[in-house]
Amino acid sequence: KDRYDRIMGTYEQLAVGDVLELTVDHDPQCMYYTLRATRGEDAFSFAYLERGPETWRVLVGKKTDAPEHS
């Protein structure tokens, strides 16, 4: 949970147009689904650079400062 909160906090601190390169030991698809549900599909980009089995690398870009969906 701490790792997830730190990752999402880092994403929130990005300026529009900035990109976060995430390297983790599991598929970070939960971040994709969280961003899609809370920000909308057009508010971010999510591109896999590496897909396991031991390391997953993803580029997450911030396209807008869209407020959370209700």
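Here, every reference points to the structure presented above.
Further remarks concern the sheet that holds strand 3 (residues 56–62). In a beta sheet, neighbouring strands are held together by backbone hydrogen bonds and run either parallel or antiparallel to one another. With antiparallel pairing, the three strands of this open sheet are ordered in space as 1-3-2. Of all the strands in the sheet, just strand 1 (19–24) and strand 2 (44–51) have a single pairing partner and so form its edges. Each strand of the sheet is rotated relative to its neighbour by a mean of 20°, with strand direction disregarded. With seven bridges joining them, strand 2 and strand 3 adopt antiparallel strand pairing. Opposite F44, over in strand 3, you have K62 as the bridge partner. Contacting strand 1, strand 2 and strand 3, helix 1 (residues 2–13) crosses the sheet at an angle of about 165° to strand 1. Against the sheet, helix 2 (residues 29–39) touches strand 1, strand 2 and strand 3, its axis set at about 170° to strand 2.

Looking now at the side chain of R39. As for its position among the elements, R39 is in helix 2. Reaching out from R39, the side chain makes a polar contact with the side chain of E12 at a distance of 2.7 Å.

Scoring rules and cut-offs
- Residues numbered from 1 in each chain as written.
- Predicted model: local features only at pLDDT ≥ 70, side-chain atom pairs only at ≥ 80, totals over all residues.
- Heavy atoms only, no water.
- Pairing = 2+ DSSP bridges.
- Helix = DSSP H or I, 4+ residues; strand = E, 2+ residues; numbered from the N terminus.
- Axes fitted to C-alpha atoms, helices over the stretch in contact; angles between N-to-C directions.
- Contact = heavy atoms within 4.5 Å.
- Polar contact = N/O pair within 3.5 Å; in protein donor to acceptor, adjacent residues only side chain to side chain.

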